[in-house]
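Here is what each chain is made of, one letter per residue.
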Amino acid sequence: MKLTAAAKEICSGLLDLTREGGPGNYLVVSAGDIYVQFAGSPGNPQILCESIANENLPDDLKMPAKAVKKLNSLGFALGGETIRNFSRTYKIVNQKQARELAGLTLRILEEVYGLSPNAEVQVELSLE
């Protein structure tokens, strides 16, 4: 599906992370090697969001310094032990918050990673 058409599916998936499945739920929005992913569990409004870091991207997809600063300005910090990515936590308790986070996800893919609004993306929801 096109990036511009993915917001509704991302929003629905974010709500499902906190309402269905089990403790290992995840949602991945990807275009090739680039991804933003979310983890959550039913009954818990906290959703962990990870955005791929340069060290995990091929050379031709690495973010320029201003893109890294953009992620930092959005509250993302670089961390992790085995796989280091940018991450931050969001709280999703209603559809409005899920819609806002879906919109932010699209902005990150466009503004940080440079995807075209017409780029093909995959939205994969896994409920344990």
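Residues numbered from 1 in each chain as written. Predicted model: local features only at pLDDT ≥ 70, side-chain atom pairs only at ≥ 80, totals over all residues. Heavy atoms only, no water.

**With respect to the packing of helix α2 (residues 65-73) against helix α3 (residues 95-112)**
And then number 1: The geometry of α2 relative to α3 is characterised by a closest axis approach of 10 Å and an angle of 160° between their N-to-C directions. Taken together, α2 and α3 sit at an angle that is classed as roughly antiparallel. Handedness of the α2/α3 crossing: right-handed. Along the contact surface, α2 presents Ala67, Lys70 and Leu71, while α3 presents Arg107, Ile108, Glu111 and Val112.
And then number 2: The residue inventory of the contact of α2 with α3, partitioned by class, reads 4 nonpolar, no polar and 3 charged. (Axes fitted to C-alpha atoms, helices over the stretch in contact; angles between N-to-C directions. Helix = DSSP H or I, 4+ residues; strand = E, 2+ residues; numbered from the N terminus. Parallel < 35°, antiparallel > 145°, perpendicular 65-115°, else oblique. Left-handed = near helix turned anticlockwise from the far one by under 90°. Contact = heavy atoms within 4.5 Å. Nonpolar A, V, L, I, M, F, W, Y, C, P; charged D, E, K, R; others polar.)

**What to know about the nonpolar core**
And then number 1: Of all hydrophobic cores here, the largest spans 41 residues; its most connected members are Ile10, Leu14, Phe38, Ile108 and Tyr113.
And then number 2: Contributing elements (two or more residues each) for this core: α1 (7-19), β1 (25-31), β2 (34-40), β3 (46-51), α2, β5 (85-91) and α3.
And then number 3: Per element, the largest residue contribution to this core is 8 residues, and it comes from α3.
And then number 4: If we ignore the near neighbours within four places in the chain, the residues touching Ile108 are Val36, Ser51, Leu71, Leu74, Phe76 and Tyr113. (Core = buried A, V, L, I, M, F, W, Y, C linked by side-chain atoms within 4.5 Å. Buried < 20%, exposed > 50% of the residue type's maximum accessible area, 1.4 Å probe, protein only.)

Everything listed here is a matter of coordinates, which is why it stays silent on function.
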